[in-house]
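This is what each chain is made of:
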Amino acid sequence: ETSAAVRSTGPKKGAAEEEEVEVEEVIEDEAEMDAREHLNIVFIGHVDAGKSTLSGNILYLTDHVDKRTIEKYEREAKQRNRDSWFL
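A brief structural summary. In this text, all values refer to a predicted model and were calculated from it rather than measured experimentally.

1. Some thoughts on a nonpolar patch on the surface
- Residues L39, I41, F43, L54 and I58 make up a contiguous nonpolar surface patch of about 470 Å² in total accessible area.
- With respect to the helices and strands, I41 occurs in the loop between helix 1 (15-33) and helix 2 (51-61).
- Looking at I41, the relative accessible area reads 51%, which means it is exposed.

Quick look at the structure:
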């Protein structure tokens, strides 16, 4: 014998489903704010071939690195006598 009956008045969203809907809305809002086309790039090469240097330069030249961060790296490179190694 059951002491309580459960009635369903239609499909209800669980906590996980509600959270998923909220995440989707946030992603859509961010996509609307940044209308630029996204591009995924893969750098393939041997060790010491300059993959990180190339990707760092691309980010630097396209203004995706904060100016303070660049200044910090320039100071650190200069202290280590590696003036050209700040990226």
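2. Let's talk about the environment of E74
- Within the secondary structure layout, E74 lies in helix 3 (residues 67-79).
- The class of E74 is partly exposed, set by a relative accessible area of 33%.
- C-alpha separation for the pair E74 and S84, spaced 10 residues apart in sequence, amounts to 8.2 Å.

3. Some remarks on helix 3
- Look at helix 3: 19 Å from first C-alpha to last across 13 residues, which is about the 18 Å you get at 1.5 Å a residue.
- Backbone geometry just downstream of helix 3 places N81 in the positive-phi region, at approximately 60 degrees.

4. Considering the pattern of salt bridges
- Under the counting rule described, the total for this entry stands at 1 salt bridge.
- Of the charged contacts, one joins R68 and D66 as a salt bridge, the two residues approaching to 3.4 Å between their closest N and O atoms.
- On the accessibility criterion, D66 (38% relative accessible area) is partly exposed.

5. What to know about unusual backbone geometry
- The phi angle at D48 is positive, at roughly 65 degrees, despite the residue not being glycine.
- In this fold, D48 is placed in the loop between helix 1 and helix 2.
- Although it is not a glycine, N81 sits at a positive phi angle of roughly 60 degrees.
- With respect to the helices, strands and loops of the structure, N81 is situated in the segment after helix 3.

How each quantity is defined
- The residue count restarts for each chain, going from 1 along the sequence in the order it is written.
- Residue-level local features of this predicted model are given only where pLDDT is at least 70; pairs of side-chain atoms are given and counted only at 80 or more, and the full residue set underlies all totals for whole chains, interfaces and linings.
- Excluding hydrogens and water, the side-chain values take into account all heavy atoms of the structure.
- A patch is a set of surface residues, each over 30% in relative accessible area and not in a salt bridge, joined within 9 Å for like charges and within 5 Å for the nonpolar side chains Val, Leu, Ile, Met, Phe, Trp and Tyr.
- Accessible areas in this description were obtained via Shrake-Rupley with a 1.4 Å probe; residue shielding takes into account the shown protein chains only.
- Salt bridges, as used here, are contacts in which a Lys or Arg side-chain nitrogen is within 4 Å of a carboxyl oxygen on Asp or Glu.
- Numbering goes from the N terminus for both helices and strands, where a helix is a DSSP run of H or I of at least four residues and a strand is a run of E of at least two.
- Burial classes follow relative accessibility: with a 1.4 Å probe on protein chains only, a residue under 20% of its type's maximum area counts as buried, one over 50% as exposed, and anything between as partly exposed.
- To estimate how far a helix should reach, multiply one less than its number of residues by 1.5 Å.

Without other data, these values stay purely geometric and don't point to any function.
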